[in-house]
Amino acid sequence: MAAGYLDILRARHAARLLTGTLVGRLPNGTANIAIVLFVRAEGGSYTLAGALAAVYGLATAVGQPLLGRAVDLYGQPRVQLPAAVVSALGMGVLAVAGCGFLPLAYAAVAVAGLFTPPLEGGLRALWPSVLGGENRVHRAYAMDAVAQEVMFTAGPLLVTLLVSLWSPAAALLVINAIGVLGALSVVLSEPSRAWRSAPREAHWLGALRSPGLLALLGSFFFVGLALGSITVAAMAYADDHGREAVYGWLMAALGLGALIGGAVYGARHWAGEPERRLRVIVGLLALGYLPLILTPGPVAMTVLAAVSGVFLAPAVACSFIVVDRHAPRGTVTEAFSWLVTTFGVGAAAGTAAAGPAVELGGTAWSFAVAGAGGVAALLVLLATGRVLAAPARTAVAVRGSENDRNGAVEPGFSSGHQA
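What you see is a predicted model, and the numbers here were worked out from it, not measured in a lab. (Residues numbered from 1 in each chain as written. Predicted model: local features only at pLDDT ≥ 70, side-chain atom pairs only at ≥ 80, totals over all residues. Heavy atoms only, no water.)

Caption draft 1: Broad picture of unusual backbone geometry. For His13, which is not glycine, the phi dihedral falls at a positive 80°. Within the fold, His13 resides in the loop between helix H1 (2-10) and helix H2 (14-24). In the Ramachandran plot, Thr295 falls in the positive-phi region, its phi being about 40° despite a non-glycine side chain. Looking at the secondary structure, you find Thr295 in the loop between helix H13 (274-289) and helix H14 (298-309). (Helix = DSSP H or I, 4+ residues; strand = E, 2+ residues; numbered from the N terminus.)

Take a look at the structure:
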């Protein structure tokens, strides 16, 4: 297993691109906790902190596909680095000006979110030209999904460390400065500078004109909803058991399960249609969420949380392949950015739905939201099986060009069925 991942990291530019992307995404991955800690330190309420975080999230959801389309049109360096700088400046204004003048605070987080660079989609567009073979690209997608889990675990710890050593304002400034350095490392690399999108048909819908991509986005909205609801449900469960540490254990177990699942999934060469496999994985993901409704004691609940996370990273990794196959030619970065946006919007909806569920029916009901989200995600995939089984176009992979991504099907699948 480890040998396969080491093979990828030893490829020229691979370690730099993966590390640079993760570091560049650090501001986005830590924005919620950084904003909350900063607002509370400024004397603001949790309501204000939540509102600012919500504006940031909404602005990010709007900005990602727009910037992704700009990357497809103009290349990575001309979009990613300026966007990273503007986003960092937005957070810098919040850190320096504080929350005394609320219109400025809201404008600052809106700018920061809107200009968050689409580094995640950009990296996936680069993998085929960096790694070449389909098997290696498939494994890189799984490694990418696992690395995200590491970032979302380590990032908040870094923020709290910076807050304890200096201040919440300093944490905002340092995290965003680090993010700019990460983006700079990516765009100065040879693959990023050389990458060009394939010629695209002019269409105002861009990537969204693909029925298969729309089906995938519909499913992953509900996957995001399930995951977002679990964060609230786990907090309610911890309150029920009178120990804040329980929340940390549950979330850590969820992340550990995802790490294990992603690592195992990426170590194997998969044959067959990825769309069919995605239905199986999402079905298992939904099945893992349902037992959480039982809300047993903390030890058993921690085990259930770990099990529920096992199929999350494989689902995400498999979805990357499906995006590759269904995104219209010349829209790769935009298509991946839409996946990020849809997942994030779903997570926000899940967070919003889980709160009232706790109030109405208790903790079990909030976990039921996660189970319902998983089941709905599976139903969308089942209902749209026909469009998902028919990728929109046939592509010819050309090593070193943007078309490589269209050849990034999973091993064992005939190229005659590629998107």
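Caption draft 2: Fine view of helix H3 (residues 26-41). The end-to-end C-alpha separation of H3 is 21 Å, in line with the 22 Å expected for 16 residues at 1.5 Å each. Asn32 marks where H3 bends most, by close to 50°. Within the sequence span of H3, burial applies to Leu26, Pro27, Gly29, Thr30, Ala31, Ala34, Ile35, Phe38 and Val39. Positive backbone phi, at 90°, marks Gly43, one or two positions downstream of H3. (Expected span 1.5 Å × (residues − 1). Bend = angle between axes of the 7 residues up to and from the residue. Buried < 20%, exposed > 50% of the residue type's maximum accessible area, 1.4 Å probe, protein only.)

Caption draft 3: Geometry of the layout of surface pockets. For the second largest pocket, the calculated volume is near 200 Å³. Lining the second largest pocket are ten residues; nearest its centre among them are His13, Ser129, Val130, Glu190 and Pro191. Those elements that provide at least two residues to the lining of the second largest pocket are helix H7 (119-131) and helix H10 (190-194). The dominant element in the lining of the second largest pocket, judged by the number of residues it contributes, is H10, at three residues. Taken together, the residues that form the lining of the second largest pocket break down as five nonpolar, three polar and two charged. (1 Å grid on protein atoms, 1.4 Å probe; cavity = no way out; pocket = protein on both sides within 12 Å on 5 of 7 lines; lining within 4 Å. Points joined across faces, edges and corners; volume = space filled by probe spheres on them. Nonpolar A, V, L, I, M, F, W, Y, C, P; charged D, E, K, R; others polar.)

Caption draft 4: Seen up close, empty space enclosed by the protein. Evaluation of the coordinates by the stated rule reveals two cavities of 30 Å³ or more. Taken as a whole, the largest cavity spans an internal volume of roughly 100 Å³. Taken together, 13 residues form the lining of the largest cavity, with Gly24, Pro27, Ser87, Pro117 and Asn176 sitting closest to its centre. Within the residue set of the lining of the largest cavity, elements represented by two or more residues are H3, helix H5 (77-97) and helix H9 (168-187). Here the lining of the largest cavity is composed, by residue class, of seven nonpolar, six polar and no charged. By volume, the second largest cavity is sized at about 60 Å³. Lining the second largest cavity, in full, are Ile230, Ala234, Leu250, Met251, Leu254, Leu292, Met301, Ala305, Ser308 and Phe367. Among the secondary structure elements, those contributing two or more residues to the lining of the second largest cavity are helix H11 (211-240), helix H12 (244-267) and H14. Considering only residue class, the lining of the second largest cavity consists of nine nonpolar, one polar and no charged.

Caption draft 5: Spotlight on the packing of aromatic side chains. One pass over the structure, following the stated rule, counts three aromatic pairs. Between Tyr265 and Trp270 the ring centres are 5.1 Å apart and the planes differ by 25°, which places this aromatic pair in the stacked class. Residue Tyr265 is classed as buried on the basis of its relative accessible area, which comes to 5%. For the ring pair Phe320 and Phe336, a centre distance of 6.0 Å and an interplane angle of 85° mean the geometry is edge-to-face. Residue Phe320 is found in helix H15 (residues 312-326), and its partner Phe336 is found in helix H16 (residues 332-361); the two are separated by 16 residues along the sequence. With relative accessibility at 1%, the residue Phe320 sits in the buried group. A relative accessible area of 0% places Phe336 in the buried class. (Phe/Tyr/Trp six-rings, centres within 6.5 Å; stacked < 30°, edge-to-face > 60°.)

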